[in-house]
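Residue-level structure breakdown
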Amino acid sequence: MRLLPLFFDLSNRDCLVVGSGKTATRYANELLNAGACVTRMATASIPDVQSECKVLTREFNSEDSRLFWVVVAANEDANKNKEITSECHLNNTFCVNISEPAQSSCHFPVHNDQFPPTRSNSTKGVVSLVGAGPGDPELLTLRALRLIQSADVIVYDRLVNPTILDLRRADTKLLYAGKEKSEHSMPQQSINELLVSLADEYQNVVRLKGGDPFIFGRGGEELETLAHSQVTFQVVPGITAASGCASFAGIPLTHRDHAQSCVFLTGHLKNGEINLNWQGLTDTTQTIVIYMGLTGLRKICEKLIENGRSPMTPAALIERGTTLSQRIHTGSISTLADIVEGRAVRAPTLLIIGQSISNKLMHTDNLIHFKSVVR
Ligand code: SAH
């Protein structure tokens, strides 16, 4: 089935939900959240009908399919849903059939009503700090996608894949707050303040960050400023580069027999030095994942060897992991820096060190995403 993601402006448009069960209620909630005028129809009374809905206690008839923009056939009886769907198809009305999704002419996600949309408790908007994952748009969470699509403004980082930004509505404002390694296009303090001022202006502000906002993402600092300024916020976790890159490279970060723990570190250089607890990194059963480690790659490997790690310890550098241009460079901590030197490696890259990077464990021949390996 080929589907086109479409955004419908349903505000004040008539939509119909047929059925009295919980699923029907969820669909009606979504339509109400989109601003639609929702009619609920059932032959018996509807236990949890929303006060905003008009109620019709009768069977659906063919005339109904001409009156509504979207119809949701949410009866328990699949045959009734089938009839409704056929009528809608005849009259060019979009229809969701909950019993037979393949018969539906449109689909939209319904959210668990345990988690209603976040609303601000003041006149200010809500800021959602959203993890965009490591690159592949399909690694977004459903909540991230929903928030991106309901955002009035999105403040995004350099690492956010542009394809993910394309998932927004056409009227959503985009603001770039990315940081290049050497050139900080917007200082962190200005980003923090920008988020506060955007919450004064817009209802739904999305701060979109590569990976997970709380892993080397400075999410904590942004939240501190928001909390201080009484702005309501939420944090949506994303797949961090370590999980995304390791999965797409077939490297198990932990393994019952080879790696009982895993540590995430930053290899960022400060005054040409990397400040890590090198003596704490000698455990051969621990996988080491180093973010921002490309410039310091040689130094990191040398330091590990100096501090007792075997020069043969396997290492992989994953370049632009989970994207179409992903490349995986493998070697050992004594060879990797030389191996990648002539390969015009481009950021972002993630360094993974440990026993789980062995051909025996990586099973790469059968791995769909492991196409662009450079050994
Ligand atoms: N919050 C992010 C990390 C931000 S720090 C997260 O959770 O993933 C930026 C570093 O993340 C980069 O220097 C790189 O080391 C790593 N990184 C992010 N995306 C990556 C990708 N697609 N491939 C390889 N490394 C990536």
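Below: a short report on this structure. Given the structure is predicted, the values throughout are model-derived calculations rather than measurements.

To continue, consider the layout of surface pockets. Looking at the second largest pocket, its volume works out to about 1,300 Å³. Of all the elements in the fold, those that place two or more residues in the lining of the second largest pocket are α7 (241-249) and β15 (349-353).

For the rest of this paragraph, the subject is the packing of aromatic side chains. Going through the model one piece at a time under the given rule, you end up with 5 aromatic pairs. Ring geometry for Tyr156 versus Tyr176: centroids 5.3 Å apart, planes at 55°, classification tilted. A residue pair is termed long-range when its members are at least 10 positions apart, and Tyr156 in strand β7 (residues 153-156) and Tyr176 in strand β8 (residues 173-176) qualify at 20 residues. It is Arg13 that lies over the ring of Trp69; its NZ or CZ is 4.4 Å from the centre.

With that settled, consider unusual backbone geometry. Note that the residue after Ala347, namely Pro348, is joined by a cis bond; omega there is 0°. The backbone of Asn12 shows a phi angle near 60°, a positive value even though the residue is not glycine. Along the polypeptide, Asn12 turns up in the segment before β1 (14-18). The class for Asn12 is exposed, based on a relative accessible area of 64%. Even without being a glycine, Phe216 presents a positive backbone phi close to 45°. For Phe216, a relative accessible area of 39% corresponds to the partly exposed category.

Let's shift gears to the site of the ligand. Taken together, 18 residues form the shell around the ligand, and within it Asp212, Ile215, Thr240, Met292 and Thr349 come nearest. Within the backbone of Pro134, one N or O atom sits 2.8 Å away from a nitrogen atom of the ligand. Surface burial for the ligand is 92%, taken as the share of its 540 Å² of free accessible area covered by protein chains. When each cavity is represented as a set of grid points, the ligand is found to reside in the second largest pocket. Elements supplying a minimum of two residues to the shell around the ligand: α7 and β15. In terms of residue class, the shell around the ligand is made up of 11 nonpolar, 5 polar and 2 charged.

As for its placement among the helices and strands, Leu297 is situated in helix α8 (residues 297-306). On the accessibility criterion, Leu297 (3% relative accessible area) is buried. A sequence separation of 29 residues divides Leu297 from His268, and the C-alpha atoms of the two residues are 9.9 Å apart. Setting aside residues up to four positions removed in sequence, Leu297 forms contacts with Leu336, Ala337, Val340 and Leu351.

It is worth spelling out the pattern of salt bridges at this point. Close approach of charged atoms lets side chains of opposite charge pair. Going through the model one piece at a time under the given rule, you end up with 14 salt bridges. Between Arg169 and Asp152 there is a salt bridge, with its nearest N and O atoms 3.7 Å apart. Remark: Asp152 occurs in the loop between α3 (142-150) and β7 and Arg169 occurs in the loop between α4 (162-165) and β8; sequence separation between them is 17 residues. Shared partners join several salt bridges into a network, and the residues in it are Asp157, Arg207, Lys209 and Glu222.

The terminal C-alpha atoms of helix α1 (residues 22-33) lie 16 Å apart, and with 12 residues this matches the ideal 16 Å at 1.5 Å per residue to within 8%. All buried positions along α1 are accounted for by Ala24, Thr25, Tyr27, Ala28, Glu30, Leu31 and Leu32. Where α1 is buried, its residues contact β1, β2 (37-42), β4 (70-73) and β5 (94-97). Taken from the residues just after α1, Gly35 is the one with a positive phi, measuring 90°.

As a further point, take the sheet that holds β4. Strand order in this open sheet of 5 strands is β3-β2-β1-β4-β5, and the pairing throughout is parallel. One side of each edge strand has no neighbouring strand; the edge strands of this open sheet are β3 (54-57) and β5. Sheet twist, expressed as the average angle between the axes of neighbouring strands with direction ignored, equals 20°. Its contacts with the sheet place α1 against β1, β2, β4 and β5, and it is angled at close to 165° to β2.

Now for the sheet that holds strand β9 (residues 204-209). The parallel open sheet is built from 5 strands, whose spatial order is β8-β7-β9-β6-β10. Unpaired on one side and paired on the other, β8 and β10 (232-236) mark the two borders of the sheet. Averaged over all pairs of adjacent strands, the angle between strand axes in this sheet comes to 20°, irrespective of strand direction. Both strand β6 (residues 126-131) and β9 contribute to a ladder of 6 bridges, which runs parallel. Residue Leu129 lies in a different strand from β9, and its bridge partner there is Arg207. Taken strand by strand, α3 contacts β6, β7, β9 and β10, and its axis lies near 135° from that of β10.

Calculation notes
- Along each chain, residues carry numbers from 1 onward, in the same order as the chain's sequence is written.
- Local features in this predicted model are restricted to residues of pLDDT 70 or higher, and side-chain atom pairs are both shown and tallied only at a pLDDT of 80 or more, whereas totals for entire chains, interfaces and linings draw on every residue.
- Values shown for side chains rest on all heavy atoms present in the structure; no hydrogens or waters enter the calculation.
- Residues are said to line a cavity or pocket when one of their atoms sits within 4 Å of a point; the points come from a 1 Å grid over protein atoms alone, cavities being sets where a 1.4 Å probe fits but cannot get out and pockets being open sets with protein on both sides within 12 Å along at least five of seven lines.
- Grid points are joined across faces, edges and corners, and a volume is the space filled by probe spheres set on the points.
- The secondary structure listing takes helices from DSSP runs of H or I that are at least 4 residues long and strands from runs of E that are at least 2 residues long, numbered from the N terminus.
- Side-chain rings of Phe, Tyr and Trp, where Trp is taken by its six-membered ring, are said to pair if the distance between their centres is within 6.5 Å; with planes under 30 degrees apart they count as stacked, over 60 as edge-to-face, and otherwise as tilted.
- Counted as over-ring charges are cases with an Arg CZ or a Lys NZ within 6 Å of the ring centre that also lie within 35 degrees of the ring normal.
- A 1.4 Å probe rolled over the protein chains alone gives each residue an accessible area, and that area as a share of the maximum for its type sets the label: buried under 20%, exposed over 50%, partly exposed in between.
- Working definition: residue near molecule or strand if any one of its non-hydrogen atoms lies within 4 Å of it.
- Nitrogen and oxygen atoms within 3.5 Å of one another constitute a polar contact, given that in protein one can donate a hydrogen and the other can accept it, and given that sequence-neighbouring residues count only through two side-chain atoms.
- The Shrake-Rupley method, run with a 1.4 Å probe, gives the accessible areas here. Residue values count only the displayed protein chains as cover.
- Occupancy of a cavity or pocket is assigned to a molecule whenever over half of its atoms lie within 2 Å of that pocket's grid points.
- Each residue receives one of three labels: charged for Asp, Glu, Lys and Arg, nonpolar for Ala, Val, Leu, Ile, Met, Phe, Trp, Tyr, Cys and Pro, and polar for the others, Gly being one of them.
- Note on definitions: a residue-residue contact is assigned when non-hydrogen atoms from the two residues lie within 4.5 Å.
- Here, a salt bridge means any side-chain nitrogen of Lys or Arg that lies within 4 Å of a carboxyl oxygen of Asp or Glu.
- Residue count minus one, scaled by 1.5 Å, sets the expected span of a helix.
- Strand pairing requires that DSSP identify at least two bridges connecting the strands.
- Angular values range over 0 to 180 degrees, each being the angle between N-to-C directions of two axes fitted as lines to C-alpha atoms, with helices fitted over their stretch in contact.

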